[in-house]
Amino acid sequence: MSDSNRTQVAILRSSARNIPLVAPQAFDLLRFTGTPNLAFEPNTIVSNEIRPDRQIGDLILVGAEAGGDIGFEMSFRAFDLLFESALFTTFAANPLTPVRAGAVQVTDINAGVIEVDSTAEFVIGHIVRLSGMDALNGDALRDGIYEVSAIPNATDLTVIPHNGPAALIDLIAGVFTNAEVKVAGIIAQADGEIVANAAVGSIASITFSGAALTALQEAMGSGPDTLNAGQVIKLGHTRTDAPVATQAFVGTPANNISARIISVDTTGGVITFIEPTGWAADAAATEQVAVYFADFMPNPTTPDLITAHQFAIERSFLDHAPITRELFLGMAINTLSLNLQPQAIATASATFFGFNSQVRDETQIAELYAGGVPTRAAAPQNDVYNTSNNIGYLNLDGQNICNESINLITELTIEINNNLRRRNAVCVFGAASIGSGELSVSGTMNRYFDNKDDLDRVLNNTEFSFGTGLRDSTGRQVVFDMPRAKYSGGAPDIPGKNQDVTIPLTYQSILDPTLGYTISIQRFTFVG
């Protein structure tokens with residue numbers, strides 16, 4: 001008998017429909033909770049032959065359909081390939097550079113120099129995350145958040161701690177195969193370089209000057225790290241004359257918010273957004289404020305071809321002797337769903353449509369893969385998100401729902417639907433190709449019915465903006481953000497006596513004509 005705890009799923013971007021797959025065959029292992037209905041389901045027809053003995057003469061195999069679901073628990077970076085394929089695009093990433101092998105040096109207790117491949121996209125004032133250090137002699141303990149304080153040459157970043165280890169000290173030179181430095185945000189280099197302005201109408205803003213403005217202009221460059229309208233930013237930690245992790249805008253704690261950017265003026269150094277509750281002007285006269293921003297991925301106006309986002313999915317039964325490898329080919333994501341229930345793990349699932357599948361024993365591996373056994377890289381092992389402590393962003397019309405005392409959400413779902421279709425053809429067993437349809441983003445939201453706000457939105461067809469983010473204890477966050485949506489249905493539900501009245505709502509995200517997209521997924525390396 002086979003045990004579910006001895007199964008394994010790995011994915012590889014590939015639009016191939018036939019075996020053996022050609023090199024390179026570098027699979028990524030996938031963290032998963034189950035693969036219900038993942039199969040190459042046969043299509044059979046009972047023979048219509050009329051027989052005098054009243055029996056069925058044959059059951060004829062005429063085709064088959066590859067598809068099914070993979071369920072998983074949400075965690076940072078583990079499912080980026082699935083997110084990208086659901087939106088037919090890739091993340092526009094903040095600057096990142098590998099750490100050069102054996103290259104971390106120390107200058108003193110409060111500052112260190114990290115030697116990297118290139119400092120070209122970094123500026124003084126960048127907040128960066130050092131990650132992937134090897135465990136030799138405790139090097140992994142030096143993973144953390146730092147601030148770039150100087151860039152002496154093309155390969156050296158001088159850093160001081162931001163929110164992490166006390167110093168880059170006693171690091172052992174080694175081969176840091178997976179170590180990297182990635183930008184997470186900007187911090188002012190002098191008091192008052194990032195200030196909060198009084199709102200004008202319903203629009204609030206922050207202004208950058210000095211080194212912070214230079215860092216902002218770098219973030220607004222023409223490269224993939226461009227800061228865009230529609231991106232979510234977080235105003236957070238500050239420091240005075242020593243690196244300490246405290247909240248920014250000490251005199252105005254309501255200014256420590258997450259907000260969707262409306263506009264960015266690089267000349268004047270101004271970022272605007274909807275005014276949150278409690279926002280007020282704050283000159284930050286004795287503070288050096290930080291602004292965190294994310295890798296950004298809106299659904300594109302010109303999506304990639306579906307062939308760029310199909311997968312070969314390998315499902316392995318490791319307790320078979322020999323091991324059984326089941327390979328699904330040309331698998332594209334039809335739907336990607338996120339499910340948030342109270343006091344629960346944040347879960348998700350992806351539903352695939354594909355071409356066909358092949359099954360071989362490990363002794364026949366060369367029939368699946370040209371060149372023999374493929375590599376299978378381990379999945380990122382960041383913490384699983386939960387819905388109690390890991391909701392870092394829950395925003396409706398610019399306001400943080402988590403800070404409200406009324407109309408709280410009891411459950412939330414988001415579904416991205418690509419409306420795929422299998423194209424069948426004569427001479428082809430399985431699908432000949434996969435067609436893509438309209439992108440639809442919808443979901444459900446159940447809220448306590450404490451006033452008529454949501455019912456008014458339903459009855460008046462009122463549009464709103466909405467987004468949610470999941471943040472782990474290390475500050476890593478993923479955001480799903482919809483700048484324009486409308487409720488498609490909803491009415492108060494009175495289930496019986498001694499129970500709460502709620503309003504179960506369904507919503508449809510729609511094109512924002514200004515931003516040009518329906519949904520964005522944003523990946524924060526660190527949020528303070």
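Participant: Which residues make up unusual backbone geometry, and what values do they have?
Facilitator: The linkage connecting Ile19 with the following residue, Pro20, adopts the cis geometry, with an omega of 0°. For Pro20, the position within the fold is in the loop between strand E1 (7-13) and strand E2 (26-29). For the peptide bond that leads from Ala321 to Pro322, omega is 5°, which places it in the cis range. Within the secondary structure, Pro322 sits in the loop between strand E20 (311-317) and strand E21 (324-340). Of note in the backbone geometry, Arg54 takes a positive phi value of approximately 70° without being a glycine. For Arg54, the location among the structural elements is in the loop between strand E3 (39-46) and strand E4 (59-73). Here Arg54 falls in the exposed class, since its relative accessible area comes to 79%. Phi at Gln343 is positive, roughly 50°, even though this residue is not glycine.

Participant: Now, about helix H2 (residues 210-219): what can you tell me, with residues and values included?
Facilitator: Because an α-helix packs 3.6 residues into every turn, residues spaced three or four apart end up facing the same way. Listing the buried residues of H2 in full gives Ala212, Leu213, Ala215, Leu216 and Ala219. Angularly, the buried residues of H2 cover 160° about the axis, an arc narrow enough to put them on a single face. In this structure, the buried residues of H2 make contact with strand E10 (180-187), strand E11 (194-200), strand E12 (203-208), strand E16 (263-265) and strand E17 (270-274).

Participant: Report on the pairing of E11, specifying residues and quantitative values.
Facilitator: As paired elements, E11 and E12 share 5 bridges and run antiparallel to each other. Across the sheet, the residue bridging to Ala196 is Ile206, located in E12. Linkage of E11 to E12, two consecutive antiparallel strands, is achieved through a turn of 2 residues, within which Gly201 is found at a positive phi near 65°.

Participant: How would you explain the sheet that holds E12 if you had to name every residue and give the values?
Facilitator: Pairing between sheet strands relies on hydrogen bonds along the backbone, with the strands arranged either parallel or antiparallel. The sheet built from 4 strands is open, its strands ordered E11-E12-E17-E16 with antiparallel pairing. Across the chains shown, the open sheet's two edge strands, defined by having one partner strand only, are E11 and E16. Recorded for the sheet is a direction-independent mean angle of 20° between the axes of neighbouring strands. Along the sheet, H2 contacts E11, E12, E16 and E17; its crossing angle with E12, the most-contacted strand, is approximately 110°.

Participant: Report on the layout of surface pockets, specifying residues and quantitative values.
Facilitator: Of the volumes computed, that of the largest pocket is approximately 820 Å³. Along the walls of the largest pocket sit 27 residues, with Arg77, Ser131, Glu180, Pro380 and Asn382 positioned nearest its centre. Among the elements of the structure, E2, helix H1 (80-87), strand E7 (126-131) and E10 are those that each provide at least two residues to the lining of the largest pocket. The class makeup of the residues in the lining of the largest pocket is 12 nonpolar, 6 polar and 9 charged. Here the second largest pocket is characterised by a volume of approximately 390 Å³.

Participant: Tell me about the packing of aromatic side chains, and name the residues and values.
Facilitator: The full count for this structure, using the stated rule, is 10 aromatic pairs. Geometrically, the ring pair formed by Phe40 and Phe429 is edge-to-face, given 5.8 Å between the ring centres and 85° between the ring planes. Remark: Phe429 occurs in the loop between strand E28 (421-423) and strand E29 (433-435) and Phe40 occurs in strand E3; sequence separation between them is 389 residues. An angle of 55° between the planes, with centres 6.2 Å apart, marks the rings of Phe466 and Tyr507 as tilted. With Phe466 in strand E31 (residues 463-471) and Tyr507 in strand E33 (residues 502-509), this residue pair connects regions lying 41 residues apart in the sequence. The class of Phe466 is buried, set by a relative accessible area of 2%. Overall, the relative accessible area of 2% leaves Tyr507 in the buried class. The cationic tip of Arg422 hangs over the ring face of Phe353; the distance from NZ or CZ to the ring centre is 4.0 Å. A cation over a ring is seen here: Arg523 above Phe91, with NZ or CZ 4.0 Å from the ring centre.

Participant: Which residues make up empty space enclosed by the protein, and what values go with them?
Facilitator: For the structure on display, the rule yields 4 cavities of 30 Å³ or more. Roughly 50 Å³ of volume is contained in the largest cavity. Those elements giving two or more residues to the lining of the largest cavity turn out to be E21 and strand E27 (409-417). Broken down by element, the lining of the largest cavity gets its largest block of residues, 3 residues, from E21. Broken down by class, the residue content of the lining of the largest cavity amounts to 8 nonpolar, 1 polar and no charged.

Participant: Kindly report on the nonpolar core, identifying the contributing residues and their values.
Facilitator: One finds Met74, Leu82, Phe83, Ile313, Phe352, Phe466 and Ile521 to be the most contacted residues of the largest nonpolar core, which totals 52 residues. Take this core: its biggest share by element is 6 residues, from E21. With sequence-adjacent residues up to four places away left out, Phe352 is seen in contact with Ala66, Gly67, Gly68, Ile70, Leu82, Phe311, Ile313, Met331, Ala332, Ile333, Asn334 and Arg422. Judged by nonpolar contacts, the second largest core, of 42 residues, contains Val123, Ala212, Ala215 and Ile257.

Conventions adopted
- Residues numbered from 1 in each chain as written.
- Predicted model: local features only at pLDDT ≥ 70, side-chain atom pairs only at ≥ 80, totals over all residues.
- Heavy atoms only, no water.
- Helix = DSSP H or I, 4+ residues; strand = E, 2+ residues; numbered from the N terminus.
- Buried < 20%, exposed > 50% of the residue type's maximum accessible area, 1.4 Å probe, protein only.
- Arc of directions from axis to C-beta.
- Contact = heavy atoms within 4.5 Å.
- Pairing = 2+ DSSP bridges.
- Axes fitted to C-alpha atoms, helices over the stretch in contact; angles between N-to-C directions.
- 1 Å grid on protein atoms, 1.4 Å probe; cavity = no way out; pocket = protein on both sides within 12 Å on 5 of 7 lines; lining within 4 Å.
- Points joined across faces, edges and corners; volume = space filled by probe spheres on them.
- Nonpolar A, V, L, I, M, F, W, Y, C, P; charged D, E, K, R; others polar.
- Phe/Tyr/Trp six-rings, centres within 6.5 Å; stacked < 30°, edge-to-face > 60°.
- Lys NZ or Arg CZ within 6 Å of the ring centre and 35° of its normal.
- Core = buried A, V, L, I, M, F, W, Y, C linked by side-chain atoms within 4.5 Å.

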